[in-house]
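Tertiary structure, described
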Amino acid sequence: EDMISNETVRMITACVNNLPEIYRQVIRYKVFEQMDTEGIANLYGISKDTVRKRLQRARQLLRCSLEQAALLDSRSIQRRGY
């Protein structure tokens, strides 16, 4: 397993921080706080479907940002089914 360099972590963090606030919020709670969709929906007073859609859009934006930062190869994303 490859070790992630400090520079890579910094770039990933910058990509997450550059997301629009509504997407950054759901990513933080889902990934870092490990909240489920229902919990996030309750926290923000939105539907679970809205949370799912925001997560989908956040992931799409992150993929694009990480590809531009040369941290992800678009072919590896397709192979892994992301």
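Refer to the structure above for everything that follows.
Nothing here was measured: the structure is a model prediction, and the numbers come from that model.

Side note on the packing of aromatic side chains
One pass over the full model with this rule turns up one aromatic pair. The interplanar angle of 70 degrees and the centroid separation of 6.0 Å between the aromatic rings of Y29 and Y44 together place this pair among those described as edge-to-face. Remark: Y44 occurs in helix 3 (residues 37-44) and Y29 occurs in helix 2 (residues 21-32); sequence separation between them is 15 residues. The exposure class assigned to Y44 is partly exposed, which follows from its relative accessible area of 29%.

Re the nonpolar core
The biggest cluster of nonpolar side chains holds 13 residues, and the ones touching the most others in it are L19, I27, V51, L55, A58 and L62. Mapped by element, the contributors of at least two residues to this core are helix 1 (6-17), helix 2, helix 3 and helix 4 (48-68). Examining the composition of this core, we find that five residues originate from one element, helix 4, more than from any other. If we ignore the near neighbours within four places in the chain, the residues touching A58 are L19, Y23 and I27.

Focus on the pattern of salt bridges
Enumeration according to the criterion identifies two salt bridges in this entry. With a closest N to O distance of 2.8 Å, R52 and D49 form a salt bridge. Here D49 and R52 lie together in helix 4, a separation of three residues that amounts to about one turn. Among the residues examined, R52 registers a relative accessible area of 42% and is labelled partly exposed. With a relative accessible area of 58%, D49 lands in the exposed category.

Criteria and thresholds
- Residues numbered from 1 in each chain as written.
- Predicted model: local features only at pLDDT ≥ 70, side-chain atom pairs only at ≥ 80, totals over all residues.
- Heavy atoms only, no water.
- Phe/Tyr/Trp six-rings, centres within 6.5 Å; stacked < 30°, edge-to-face > 60°.
- Helix = DSSP H or I, 4+ residues; strand = E, 2+ residues; numbered from the N terminus.
- Buried < 20%, exposed > 50% of the residue type's maximum accessible area, 1.4 Å probe, protein only.
- Core = buried A, V, L, I, M, F, W, Y, C linked by side-chain atoms within 4.5 Å.
- Contact = heavy atoms within 4.5 Å.
- Salt bridge = Lys/Arg side-chain N within 4 Å of Asp/Glu carboxyl O.

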